[in-house]
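Inside the fold
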Amino acid sequence: MAPFFSLHAPSPSPRPSLTGEVSCDVLVIGGGICGILTAHLLSLEGLDVILLEANRLLSGQTLGTTAKITAQHGLFAERLIRAVGLERARGYAQANLQAVDALAHLAETCAAECGLSRQSAYLYTLGNPRPLEAEARACEQLGLSVRSTRHLPAPLLPALALRMDHQAQINPLPLLHQLAKPLRVFEHSRVLSLSGSLARTAHGCVRSSAIVVCTHYPAFTLPGAYFMRLYQQRSYTLALSTRQRVDGMLYGVGPGAVSIRRAEGAVFLGGESHRCGQSSPGCYERLRQEARRLFPQAREQASWSAQDCVTMDGIPYVGRYSRRMPDVYVATGFGKWGMTNAMAAATLLQEEITGRGSPYADVFSPLRLPGMTAAGGMAVQAGHACVGLASSALPPPLRTAESLSPGEGAIIHDGLRKVAAYRDPGGRLHGISPYCAHMRCLLRFNADECSWDCPCHGSRFTVDGELIGGPAQKQAPQRLPDRHAPSRSHSLPFQSGAHGRGI
């Protein structure tokens, strides 16, 4: 099914594709929440801004948000202090506190109805309370006001919870549609290359004084080497129709914990997080089992998943893309906290590009030296990439196309070559190259999403090879022997999430 918010917000009017050469002061690449907020704030400065989107506005990862506007980012305070030091950790916390109010103010003053609601955020655990006790002490060091409680406004009995008041939630799509209306936008205009101040698409180019890359995962491999400094996580959400009382925004840590918040006419239940390409089948079904336990009378309205870029030290990369590209900026690595981090990033970029300077520039700088935690994370990421690349070099597996059952996907052999093959419920075989179009890591089948996912850097493809998400920038070529050409049925379109049903 489609993500919940996309079912409750009209699609924006189509924008033209870029043809020919145009110029502007600032080019923003990427039409999600960060790209739109950045373009909006820069346009308020009187700058001539162009926004390029590879597909449609708000067609990417922003659709999957649960739209919690909060500076409570899980068990982050103590970890950040250890990873980057007290001063930088405090800067991250304060930037996100300011982003909560800035985004809420945008929603309050926007003409579109986006369901802004001030809420309390709860971090809770069902197990050992000591990590939350340490988190409370760390939050105090960072200037974050939290208080301990053992009561939650939901059908859960925590061992301990931390409550942060004056946070918020919205339906972000009406707000972002409204902010995008006056912007000069070109859709279906994927940027294929950057050269100095020139960005090229398939049918045109943009010349600008500054460029901002807001493509969720940076679209350009070098310079910057973000593929060594980021990894991607997936998580899953159900939207439930229930009369049970739920207030606030709950985020659980530890075994058996889920996230819960009330939305417009629904309750969101989320969890089952895993590194992209490393899922165990049944993520949606395990969430449904938890839904039946917590909300036994509920009906499922929607189900979907989201993908988040995570940095090695937990702080996003916002600022200059690399030392070799002084007029190119980037914003990425928001983790599971894209709403406030996107607002903080857009504000920082506004201040840096206009020359005022941001007090948080050093905190978020992509050029910062990695500490021990980040260096260790980079080593782990390199290990995952090496395993993926090594798998690509192994001999073809023993499985054949004939061994696949309906609904099953696997890497099979066709003579001496490998094929990423999937047999749909109608019996038709779909086959693509098993190598990611980014850096040729061996893909893995995600049974919950019916997609091929890259375990190295998180690119995703449909069973027919269409690109779902980067860092890959092109589709995976189809690779199906003629003898398996279909004689009946038809190809099933990719759908994010499982089919809607009662719980």
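Residues numbered from 1 in each chain as written. Predicted model: local features only at pLDDT ≥ 70, side-chain atom pairs only at ≥ 80, totals over all residues. Heavy atoms only, no water.

1. Observations regarding the overall build of the protein chain
- Across its full length, the protein chain holds ten helices and 24 strands.
- Counting all 503 residues of the protein chain, 56% fall into the buried class.
- The contacts in the protein chain between residues at least 6 apart in sequence include a share of 71% that link residues at least 24 apart.
- Carbon and sulfur atoms form 52% of the exposed surface of the protein chain, whose accessible area is close to 20,800 Å². (Helix = DSSP H or I, 4+ residues; strand = E, 2+ residues; numbered from the N terminus. Buried < 20%, exposed > 50% of the residue type's maximum accessible area, 1.4 Å probe, protein only. Contact = heavy atoms within 4.5 Å. Areas by Shrake-Rupley, 256 points an atom, 1.4 Å probe, with all protein chains shown as cover.)

2. Here's the deal with the sheet that holds strand β22 (residues 451-453)
- Spatially, β21-β22-β23-β24 is the arrangement adopted by the four strands of the open sheet, whose pairing is antiparallel. With partners counted over all chains shown, the strands left at the sheet margins are β21 (444-446) and β24 (467-469), one partner each.
- Strand direction decides the pairing type here: strand β23 (residues 460-461) and β24, joined by two bridges, are antiparallel. Counted as the bridge partner of Phe461 is Leu467 from β24. (Pairing = 2+ DSSP bridges.)

3. Notes on the side chain of Asn96
- By the secondary structure assignment, Asn96 is in helix α4 (residues 86-109).
- Here the side chain of Asn96 touches Asn341 through a polar contact of 3.3 Å, side chain to side chain.
- When sequence neighbours within four positions are dropped, the list of residues in contact with Asn96 reads Ala71, His73, Thr340 and Asn341. (Polar contact = N/O pair within 3.5 Å; in protein donor to acceptor, adjacent residues only side chain to side chain.)

4. Examining the environment of Leu194
- By the secondary structure assignment, Leu194 is in strand β8 (residues 193-195).
- As a C-alpha pair, Leu194 and Val328 span 134 residues in sequence and 9.3 Å in three-dimensional space.
- What Leu194 contacts, discounting residues up to four positions off in sequence, is Ile29, Ala199, Ile211, Phe220, Met325 and Val328.

5. Re the packing of aromatic side chains
- Counting across every chain of the model gives twelve aromatic pairs.
- A connected cluster of aromatic rings, assembled from ring pairs, spans Phe4, Phe5, Phe268 and Trp304.
- A cation over a ring is seen here: Arg229 above Tyr226, with NZ or CZ 4.4 Å from the ring centre.
- The ring of Tyr435 is capped by Arg440, whose NZ or CZ atom sits 4.3 Å from the centre of that ring. (Phe/Tyr/Trp six-rings, centres within 6.5 Å; stacked < 30°, edge-to-face > 60°. Lys NZ or Arg CZ within 6 Å of the ring centre and 35° of its normal.)

6. Some details on unusual backbone geometry
- The phi dihedral of His166 is positive, around 65°, even though this residue is not glycine.
- Among the secondary structure elements, His166 is positioned in strand β6 (residues 160-169).
- On the basis of relative accessible area, His166 is assigned to the exposed category, the value being 64%.
- The phi dihedral of His216 is positive, around 70°, even though this residue is not glycine.
- Locating His216 in the fold gives a position in the loop between β10 (204-213) and β11 (230-241).

7. Quick notes on the sheet that holds strand β20 (residues 429-432)
- Judged by pairing direction, the sheet is antiparallel, and its three strands sit side by side in the order β18-β19-β20 without closing on themselves. Bordering the open sheet on either side are β18 (408-414) and β20, each of which pairs with just one other strand. Recorded for the sheet is a direction-independent mean angle of 35° between the axes of neighbouring strands. (Axes fitted to C-alpha atoms, helices over the stretch in contact; angles between N-to-C directions.)

8. Examining helix α8 (residues 338-353)
- With 16 residues, α8 extends 21 Å from end C-alpha to end C-alpha; this agrees with the ideal 22 Å at 1.5 Å per step.
- The buried fraction of α8 is high, at 13 of 16 residues.
- One or two residues past the end of α8 sits Gly355, with phi positive at roughly 90°. (Expected span 1.5 Å × (residues − 1).)

9. Regarding the state of the cysteines
- Per the stated rule, a full pass over the model turns up one disulfide.
- Covalent S-S linkage joins Cys441 and Cys456, the inter-sulfur distance amounting to 2.1 Å. Its torsion about the S-S bond being -100°, the disulfide of Cys441 and Cys456 is classed as left-handed. One end of the pair, Cys441, is in the loop between β20 and β21; the other, Cys456, is in the loop between β22 and β23, and 15 residues separate them in sequence. Pair check on accessibility: Cys441 and Cys456 agree, each one buried.
- Of all cysteine sulfurs, the one in Cys214 lies closest to Cys34, which takes part in no disulfide; the gap is 3.9 Å.
- On the basis of relative accessible area, Cys34 is assigned to the buried category, the value being 6%. (Disulfide = S-S within 2.5 Å.)

10. Some words on the nonpolar core
- Counting 78 residues, the largest nonpolar core has Phe4, Leu37 and Phe364 as the members making the most contacts within it.
- Excluding residues that lie within four positions of it along the chain, Phe4 makes contacts with Ala239, Ala263, Glu264, Ala266, Phe268, Gln301, Ala302 and Trp304.
- Within the second largest apolar cluster, 26 residues are counted, among which are Leu27, Val206, Tyr321 and Val330. (Core = buried A, V, L, I, M, F, W, Y, C linked by side-chain atoms within 4.5 Å.)

11. Section: the pairing of strand β2 (residues 49-52)
- Neither face of β2 is exposed, since Val49 and Leu51 on one face and Ile50 and Leu52 on the opposite face are all buried.
- Pairing between strand β1 (residues 20-29) and β2: four bridges, direction parallel. The residue bridging Leu27 from the neighbouring strand is Ile50, located in β2.
- Traced from β1 through helix α2 (residues 33-44) to β2, the parallel crossover comes out right-handed.
- Bridge count for β2 against strand β7 (residues 184-186) is three bridges, and the pairing is parallel. Within β7, the position partnered with Leu52 by the bridge is Phe186. (Right-handed = clockwise from strand over helix to strand, strands pointing away.)

12. Comments concerning the pattern of salt bridges
- A full pass over the atoms with the stated rule returns 17 salt bridges.
- With a shortest N-O distance of 2.6 Å, Arg245 and Asp247 are connected by a salt bridge.
- Note on Arg245: relative accessible area 63%, which makes it exposed.
- The partner of Asp414 in a salt bridge is Arg417, and the shortest N-O contact between them spans 3.2 Å.
- Residue Asp414 is classed as buried on the basis of its relative accessible area, which comes to 15%.
- On the accessibility criterion, Arg417 (33% relative accessible area) is partly exposed.
- Shared partners join several salt bridges into a network, and the residues in it are Arg147, Arg163 and Asp165. (Salt bridge = Lys/Arg side-chain N within 4 Å of Asp/Glu carboxyl O.)

13. Let's talk about the packing of helix α3 (residues 77-84) against α4
- Viewed as axis vectors pointing N to C, α3 and α4 meet at an angle of 135°, and their least axial separation amounts to 7 Å. As far as their axial angle goes, α4 and α3 are oblique. As α3 packs across α4, the resulting crossing turns out to be right-handed. Contacts between α3 and α4 pair Leu80, Ile81 and Val84 from the former with Leu86, Arg88, Ala89 and Tyr92 from the latter.
- Within the contact of α3 with α4, the residues separate by chemical class into six nonpolar, no polar and one charged. (Parallel < 35°, antiparallel > 145°, perpendicular 65-115°, else oblique. Left-handed = near helix turned anticlockwise from the far one by under 90°. Nonpolar A, V, L, I, M, F, W, Y, C, P; charged D, E, K, R; others polar.)

Honestly, it's all geometry; don't read function into it.
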